[in-house]
Amino acid sequence: METAETQKIREGHKHSLNVRWDELDANRHVNNKNYQGYLDEARMRAMREWGAPMEEFADKGFGPVILNLNLKFIKEISYPEEITIESDLVLTSPTRAVFEQKILLSNGKVACQASTEWALLDLNRKRPAKFLEVLPTV
């Protein structure tokens, strides 16, 4: 949700994938550690499709730093489910942003809600960079 202090700077990215058998736990549901992997991959694909691949940040001397992760597990994910991860990027301060993400089941129900707060570190100065100065304009 946007407030006076936040600004949605990228939105509406969708990434779909099929759950693999080896991602299940003993109860035949996706092991919770794999949720984070799904969300990480969706974030990297979103940044790439928004014209800001992480390799380019590294080449320019910037590195992503995760500051806070929050996952809310709502429904179990089973094999052979096809899931879709929806991602938005919200600026919360000049130097911090939050990826707001949802993992959706094939029936459209939300399996997980997640937020990942992060910063882009200027590796030369060892200081956070201002997102809007580093991200390419849309």
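Residues numbered from 1 in each chain as written. Predicted model: local features only at pLDDT ≥ 70, side-chain atom pairs only at ≥ 80, totals over all residues. Heavy atoms only, no water.

**Some details on the overall build of the protein chain**
When you go through the protein chain residue by residue, the secondary structure sums to three helices and six strands. The order of α-helices and β-strands along the protein chain, N terminus first, is β-α-α-β-β-β-β-β-α. Against the 2.2 N^0.38 benchmark of 14 Å for 138 residues, the protein chain shows a C-alpha radius of gyration of 16 Å, consistent with a compact globule. Of all 138 residues assigned to the protein chain, the portion counted as buried reaches 41%. Expressed as a percentage of contacts within the protein chain between residues at least 6 apart in sequence, the contacts between residues at least 24 apart total 67%. Counting only carbon and sulfur atoms, one obtains 46% of the accessible surface of the protein chain, whose full area is about 8,200 Å². (Helix = DSSP H or I, 4+ residues; strand = E, 2+ residues; numbered from the N terminus. Rg over C-alpha atoms; globule rule 2.2 N^0.38 Å. Buried < 20%, exposed > 50% of the residue type's maximum accessible area, 1.4 Å probe, protein only. Contact = heavy atoms within 4.5 Å. Areas by Shrake-Rupley, 256 points an atom, 1.4 Å probe, with all protein chains shown as cover.)

**Observations concerning unusual backbone geometry**
Each neighbour pair has its own omega, and for Tyr79 with Pro80 the value is 5°, a cis peptide bond. Looking at the secondary structure, you find Pro80 in the loop between β2 (62-73) and β3 (82-93). Even without a glycine there, the phi angle at Arg28 is positive, about 65°. Of note, Lys126 is a non-glycine position whose phi angle comes to about 60°, a positive value. Mapped onto the secondary structure, Lys126 falls in the loop between β5 (110-122) and β6 (127-128). The exposed category is assigned to Lys126, whose relative accessible area is 59%.

**Let's talk about the nonpolar core**
In terms of nonpolar packing, the biggest core is built from 18 residues, with Met47, Phe57, Leu89, Trp118 and Leu135 touching the most fellow members. Ranked by size, the runner-up nonpolar core spans 16 residues in total, among them Leu39, Ile77, Ile103 and Cys112. (Core = buried A, V, L, I, M, F, W, Y, C linked by side-chain atoms within 4.5 Å.)

**Quick look at the pairing of β3**
Both faces of the sheet carry side chains from a regular strand, because those side chains alternate between them. As judged from the nine bridges shared by strand β1 (residues 7-18) and β3, these two strands associate in the antiparallel manner. Looking across to β3, one finds that Lys14 is bridged to Glu86. Taking the residues between adjacent antiparallel strands as the criterion, β3 and strand β4 (residues 96-104) are bridged by two residues. (Pairing = 2+ DSSP bridges.)

**Details of the environment of Lys126**
Residues Lys126 and Phe62, spaced 64 residues apart in sequence, show a C-alpha to C-alpha distance of 9.4 Å. A polar contact of 3.1 Å, which involves the side chain of Lys126, links it to the backbone oxygen of Leu123. (Polar contact = N/O pair within 3.5 Å; in protein donor to acceptor, adjacent residues only side chain to side chain.)

**With respect to the environment of Val30**
Within the secondary structure, Val30 sits in the loop between β1 and α1 (32-49). In sequence terms Val30 and Tyr79 are 49 residues apart; their C-alpha atoms lie 7.6 Å from each other.

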